[in-house]
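Structural overview for review
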Amino acid sequence: MSENFSARETFAIYGESETTVTVLRDGFSVEEKTFATMRDAVDYLRRLDPVPLRIVLRIRAHGRDIPFEGENVTKLMQDL
């Protein structure tokens, strides 16, 4: 995780952006869903049980995808 990463700042900037969630469940099963907002994507992730092996968020902004994964995703789920 970047020392300067702020979940609240990220949400303030990208919270209304379309967000795609890619979840690796067990090494073989990959699930991908697209949500209208980052808040919807994070709410979905909070409901997952068990916690997936890997999660990648791709936020669509300014004509490109901005990826977030690892500790940054964990921080988004905890702080939002």
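Right above here is the structure, for reference.
Residues numbered from 1 in each chain as written. Predicted model: local features only at pLDDT ≥ 70, side-chain atom pairs only at ≥ 80, totals over all residues. Heavy atoms only, no water.

**Considerations on the sheet that holds strand E2 (residues 30-35)**
Taken in spatial order, the 4 strands of this open sheet run E2-E1-E3-E4, and their pairing is antiparallel. Because the sheet does not close on itself, it has two edges, and the strands there are E2 and strand E4 (64-69). The average angle at which neighbouring strand axes cross in this sheet is 20°, direction not considered. Alignment of strand E1 (residues 19-24) against E2, held across 6 bridges, turns out to be antiparallel. Residue Val21 lies in a different strand from E2, and its bridge partner there is Lys33. Of the strands in this sheet, E1, E2 and strand E3 (54-61) are in contact with helix H2 (residues 38-47), which crosses E1 at around 20°. Across the sheet, helix H3 (residues 71-79) is in contact with E3 and E4; its angle to E4 comes to roughly 85°. (Pairing = 2+ DSSP bridges. Helix = DSSP H or I, 4+ residues; strand = E, 2+ residues; numbered from the N terminus. Axes fitted to C-alpha atoms, helices over the stretch in contact; angles between N-to-C directions. Contact = heavy atoms within 4.5 Å.)

**Some words on the nonpolar core**
Soluble, globular proteins show a tendency: their nonpolar side chains are buried together. Within the largest apolar cluster, 21 residues are counted, with the highest numbers of intra-cluster contacts made by Tyr14, Val21, Met38, Leu45, Leu57, Phe68 and Leu76. Contributions of two or more residues to this core are made by helix H1 (7-14), E1, H2, E3, E4 and H3. The leading source of residues in this core is H2, at 5 residues. In this structure Leu76 touches Phe5, Ala7, Thr10, Met38, Val42, Arg46 and Leu57, once residues within four positions along its chain are discounted. (Core = buried A, V, L, I, M, F, W, Y, C linked by side-chain atoms within 4.5 Å. Buried < 20%, exposed > 50% of the residue type's maximum accessible area, 1.4 Å probe, protein only.)

Function cannot be inferred from these measures alone, as they are strictly geometric.
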